[in-house]
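Okay, here's what each chain looks like letter by letter:
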Amino acid sequence: MINPYQYNVSDEISFSGNDICILDKASCCDKSVEKMLLDKARQVLKNRMFMVLNQFLKSIDIDKQDKNVLLTNIIKNSILPQAKKIDFHTKFSEYTKGDNSLTTVDLDTIKNAAAIGSITKALGTSVSENCQNLLYFELDPLKNAEHQYLSAILVMLRGYEIMNQIITQSKAVDLTDACYIGAVRGGLKFGGCNKCFDSTEFSDPCVKLCRNIVSGCLKGHIMARTYLQHMATYQLQMNELVRKFVSEREAAISTLRADIKSKLQVDKEFYNSCSGLQKGSNEASPSAAYQFSSLSYTIDSARNTLDASWLCTYVLSGVSEVNCWNRSSVGKYRLNVYEFTPTGQRQNPEVPGPGPVVMIDEQIKQFTDYKYNVEELSQGRDVLKPSAATPLSFTLLTLSVALYLALT
């Protein structure tokens, strides 16, 4: 069998019997060589196509872990029994995966426990139940701030779960036979029909040819790329909302400390019951425990994940503008670059036929709900609601009433 990477000019054969390579003169490429090139493409092309996508996944995982730390700290610092903390950890994890099992009682419990935990940490001393009752109205702003802060973190983590699913679905499909054949004809970086000639005649693929091949290979991923860009845009907005709610939470803690200090001075009953809070109320307010920085990804990062221009330049590198491989010889590639849209790719001759089917219909539905929550949060509205499931006790009561009415 001829090795397409090492051959002698004397080994050249006619190109007329080839199935894949469309060459303008005789070369070393026969069907066995073409099969070797096609096998090589099947081994490496998919990994290279998704290399930038994998890098993007690593970037979003970095921030996902940061936000998970914030969520864990809310639970850990809340004044709750350990069993209840574990229960909330489970329910919050389910929420980020799209399964909301939180009840009204749960939401009231966690915002109250988080508020007490925050003021306890700020004062450096516990706040008794009696003092909590005496601070009922003063605690409300902090409870609301804790609730919005928690909501933003959960929505952002939900966003990362959707992004992860889109990426997983994108990588799950194989590329089409037409894609692998196009890649071999186009002589992408790992080698193709351009390897069939003497090394002195070898040239890198034309940049427009490379872009048309890559776009054609990824035509089934058009919607995935679009929604990854949407998600990145909204996650950047969510990160700013988390930052905002951290500031509002810190401001609410400072205000509550000032209220406690004032109340100790003017309210005798409160002083008699809660004088132990006096020292903490006089100390300087602590700085925020979490220092925000820019996310490790941008909208451009999302756009580049499945972008033909980026992939050809930085992954399938070596593309040229002139004196380049045009899929049959060294010269000029005369076709235009076809848009990465369904219409554009139907016109793309380099990878004919339909693309792989990337199943993200469910993720698109989830995105709609996620987007609504982001927009509601940005308006300061409450998005962390109890589960829509009807409580069993209410269902049984309804059935009992209906049965009574039917019998009477």
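Cut-off values and rules
Residues numbered from 1 in each chain as written. Predicted model: local features only at pLDDT ≥ 70, side-chain atom pairs only at ≥ 80, totals over all residues. Heavy atoms only, no water. Core = buried A, V, L, I, M, F, W, Y, C linked by side-chain atoms within 4.5 Å. Buried < 20%, exposed > 50% of the residue type's maximum accessible area, 1.4 Å probe, protein only. Helix = DSSP H or I, 4+ residues; strand = E, 2+ residues; numbered from the N terminus. Contact = heavy atoms within 4.5 Å. Expected span 1.5 Å × (residues − 1). Arc of directions from axis to C-beta. Salt bridge = Lys/Arg side-chain N within 4 Å of Asp/Glu carboxyl O. Axes fitted to C-alpha atoms, helices over the stretch in contact; angles between N-to-C directions. Parallel < 35°, antiparallel > 145°, perpendicular 65-115°, else oblique. Nonpolar A, V, L, I, M, F, W, Y, C, P; charged D, E, K, R; others polar.

Draft legend 1. Main features of the nonpolar core. Formed by 97 residues in total, the largest nonpolar core has its most connected members in Leu45, Met49, Phe92, Val214, Met238 and Tyr370. Broken down by element, this core gets its largest block of residues, 13 residues, from helix H6 (residues 136–172). Beyond its immediate stretch of four places on either side in the chain, Leu45 contacts Leu175, Cys179, Tyr180, Ala183, Leu188, Phe190 and Cys217. In terms of nonpolar packing, the next biggest core, distinct from the first, is built from 19 residues, Ala122, Leu264, Cys274 and Leu277 among them.

Draft legend 2. Spotlight on helix H3 (residues 82–96). Given a rise of 1.5 Å per residue, 15 residues ought to cover 21 Å, and the 21 Å separating the end C-alpha atoms of H3 matches this to within 8%. Residues of H3 that are buried: Lys85, Phe88, Lys91, Phe92, Tyr95 and Thr96. Looking down the long axis of H3, one finds its buried residues gathered within 135 degrees of arc, a one-sided arrangement. Away from its buried face by more than 90 degrees, H3 exposes Gln82 and Ala83. Those residues of H3 hidden inside the fold are in contact with helix H2 (51–77), helix H4 (104–123), H6 and helix H15 (361–378).

Draft legend 3. Broad picture of the pattern of salt bridges. Per the counting criterion, the structure on display carries 17 salt bridges. Across the pair Glu138 and Lys263 runs a salt bridge, and its minimum N-O distance is 3.4 Å. Within this pair, whereas Glu138 is found in helix H6, its partner Lys263 is found in helix H9 (residues 222–266), the two being separated by 125 residues in sequence. Between Glu376 and Arg381 there is a salt bridge, and its shortest N-O distance comes to 3.1 Å. Judged by its relative accessible area of 43%, Arg381 is partly exposed. Sharing partners across several salt bridges, the network here consists of Lys84, Asp87, Lys91 and Asp106.

Draft legend 4. The arrangement of the packing of helix H7 (residues 177–186) against helix H8 (residues 207–217) in detail. Here H7 crosses H8 at 170 degrees, and the two axes come no closer than 9 Å. The angle between the axes of H7 and H8 places the two elements in the roughly antiparallel class. Within the contact between the two elements, H7 uses Cys179, Gly182, Ala183 and Gly186 and H8 uses Leu209, Ile213 and Cys217. For the contact of H7 with H8, the residue count by class is five nonpolar, two polar and no charged.

Draft legend 5. Representation of the side chain of Ser215 within the structure. Mapped onto the fold, Ser215 is located in helix H8. Accessibility expressed as a relative area gives 5% for Ser215, which makes it buried. In this structure, Ser215 is in contact with Ala308, Phe340, Gln345 and Asn348, ignoring residues within four places of it in sequence.

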